[in-house]
Amino acid sequence: MNTLSVVFVASTVVAGFAFGLAMLWVTAEWLKSEGESEEVEAKVQETLGAPGGWPATVAETRSPGP
Amino acid sequence: MNSKPFPWPLLAAFSIMLVLGIPGFLDRLLYEHHHVAYGRIVPWGIWVAAYMFFAGLSAGAFLVSTLATVFNVERCRPLVGLSLLTSMVALGTATFFVTADLGRPDRGYFILLHSNPASVMVWLGWLYSAFGLILVLKLALVLRPRWAERAAAGGGAIARFLAFGYRPTRAQDVFDRTAQRLLGAVGLIVALILPGCAGTLLAVVAGRPVWHSGLFPVTFVVAAIVSGASIVMVLGLLLTRGGRAHQGTLVSLSKIVGAFLAVEFAILISEVLIARRGEIPSHVAVIETMTNGPFSWVFWIVQIGLGTVLPIGLILMPRPEGQAPRVSVAAIACLLALCGAFAFRINLLIPQQTLPAINFITNAKAPFEADPVYVPNWVEWNFLMFGIGLAGVGFLAAYRLLPLARKDEPIVFELAMKREQAAHGYAVLQEVAP
């Protein structure tokens, strides 16, 4: 194997490395954003009650009607 | 140690495998390669497939740990110790299997001392050595505060030694975190190059058309992440106890497995279609052997059906809104993905070798005693059982003995995170609420 072929082989290894790094970076960003959205969802549910229900504070201020 | 009961039945199962596999181990030790089915036509048998599987698993598990230590995904931090231990045991197991395949294991270290720098195999030797060293250093850094805790509680000389003079100060924590991050970054580079290099080792063989592909280094990196994330997810569920957020992290890991499985599947389809389109006889013959040969069930049923399509379906199947994450289903999917990952290595390695690059070898059967059909015999299966049993027992023993996890670590971690982020959470809520 001459120097040029070593360079070619090394470049395929680098391709695998670059692809893996890019995929991992995207994965990490996705994990962060998913963690944040889960936290926000949990916080909203904790404060406003069950999903789909009226927030307690809004329900209390609604007019009882005629 | 850990709030989940220690999995004694699993330890018993691995111990039985270890004991049952002793005859195969002794046979390899005493009779070298005399009683194995691989040989001149198929020189790399199931032990090399096992080596590739465990090497990928090792790199992949380490990459999972870097999500927390390098990419700052804090929710993955409780899995760092587990990932590192998994990576270390898998690296040891890979070395065990590849050593068994060597004709002269006692000369194995020659690859480091008498190297040809132009050889991809030599690169692998150096990289595995560097990776092992990084793993030991990083695990020592992760564990030393816990050894210090044990030493403070009267843990003895070993705990004091392994604490390496750790003092619970803020400056010490900052130093350790920085060192972990640095080691994680160097390890990340090595762990990404390692599977790519293993793929390149096959890709440079021009006489083997299916191996001779520029996509191989990428395929191996993807396969490593699939197997690493799968094993950490399964072990995380089995060994650690956490709240909803921790379970959410494990489900997220399984989604990563699903996404990377889909990428791996797409690469496989691409390889097969290109081979079919090219119609080069030697290339098509390998694909035919894999998909229509006597062991096509390993490809269709184990690798594609159970190891790829079913896990992707189980993991990425949309669930009704408000339904709790299906951690157990995700774990089953990850276990299936692991089986598929092993079948993937077998299909990659064996069918290509059954069609010899030089045809006269098969035509001259008598002097070479060569058979192009390779089926692992009892010695190989038995030895494989021994190696897997040894890995399982070694991992569980280390998990039991090392201060790997504080009691309820994920739960403690979640509470700490909630306290830290309480102010931030309120601010986010202000933006969301009308």
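Provided above is the structure to which this section pertains.
Residues numbered from 1 in each chain as written. Chains lettered and ligands numbered in written order. Predicted model: local features only at pLDDT ≥ 70, side-chain atom pairs only at ≥ 80, totals over all residues. Heavy atoms only, no water.

How would you explain the overall build of chain A if you had to name every residue and give the values?
A count of helical and extended segments in chain A gives 2 helices and 0 strands. The buried share among the 66 residues of chain A stands at 20%. Total accessible area on chain A is roughly 4,500 Å²; 67% of this is exposed by carbon and sulfur atoms. (Helix = DSSP H or I, 4+ residues; strand = E, 2+ residues; numbered from the N terminus. Buried < 20%, exposed > 50% of the residue type's maximum accessible area, 1.4 Å probe, protein only. Areas by Shrake-Rupley, 256 points an atom, 1.4 Å probe, with all protein chains shown as cover.)

Describe the packing of aromatic side chains, with residues and values.
Residues and elements named next belong to chain B. Inspection of every chain in the model, using the stated rule, returns 21 aromatic pairs over all chains. Seen from their ring centres, Phe 53 and Phe 54 are 5.2 Å apart, and the 80 degrees between their planes marks the pair as edge-to-face. The same class applies to Phe 53 and to Phe 54, which are both buried. Each ring, one from Phe 395 and one from Tyr 399, has its centre 6.2 Å from the other, and the planes form 20 degrees; the classification is stacked. Linking Phe 395 with Tyr 399, this pair stays in helix α16 (residues 378–401), spanning 4 residues, or about one helical turn. A residue is classified by how much of its surface remains accessible, and Phe 395, at 8% relative accessible area, is buried. The structure contains a cluster of three or more aromatic residues connected by ring pairs, namely Phe 25, Tyr 38, Trp 47, Phe 53, Phe 54, Phe 96, Phe 97, Phe 342, Phe 383 and Phe 386. Over the aromatic face of Phe 6 sits the side chain of Arg 400, whose NZ or CZ is 5.1 Å from the ring centroid. (Phe/Tyr/Trp six-rings, centres within 6.5 Å; stacked < 30°, edge-to-face > 60°. Lys NZ or Arg CZ within 6 Å of the ring centre and 35° of its normal.)

Outline the environment of Gly 214 of chain B, listing residues and values.
Along the polypeptide, Gly 214 of chain B turns up in the loop between α8 (170–203) and α9 (216–239). Of the residues examined, Gly 214 of chain B reaches a relative accessible area of 58% and is grouped as exposed.

If you had to explain unusual backbone geometry to someone new, which residues and values would you point to?
Residue and element names in this part refer to chain B. Unusually for a residue other than glycine, Glu 32 sits at a positive phi of about 50 degrees. With respect to the secondary-structure elements, Glu 32 resides in the loop between α2 (22–31) and α3 (46–69). Positive phi is not limited to glycine here, since Phe 164 has a value of about 50 degrees. With respect to the helices, strands and loops of the structure, Phe 164 is situated in the loop between α7 (157–162) and α8.

Now, about the side chain of Asn 347 of chain B: what can you tell me, with residues and values included?
All names here are of chain B. You can see Asn 347 is positioned in helix α13 (residues 327–354). Of the residues examined, Asn 347 reaches a relative accessible area of 6% and is grouped as buried. If near-sequence neighbours (up to four positions away) are discounted, Asn 347 is found in contact with Met 290, Val 298, Phe 299 and Gln 303. (Contact = heavy atoms within 4.5 Å.)

Kindly report on helix α1 (residues 8–20) of chain B, identifying the contributing residues and their values.
Residue and element names in this part refer to chain B. For α1, which comprises 13 residues, the first-to-last C-alpha distance of 18 Å matches the rise-based estimate of 18 Å (1.5 Å per residue) to within 8%. For α1, the full list of buried residues reads Leu 11, Phe 14 and Leu 18. Projection of α1 onto a plane perpendicular to its axis shows the buried side chains occupying an angular sector of 65 degrees, all on one side. Of the exposed residues in α1, those oriented more than 90 degrees away from the buried face are Pro 9, Ile 16 and Val 19. Taken together, the buried residues of α1 touch α2 and α16. (Expected span 1.5 Å × (residues − 1). Arc of directions from axis to C-beta.)

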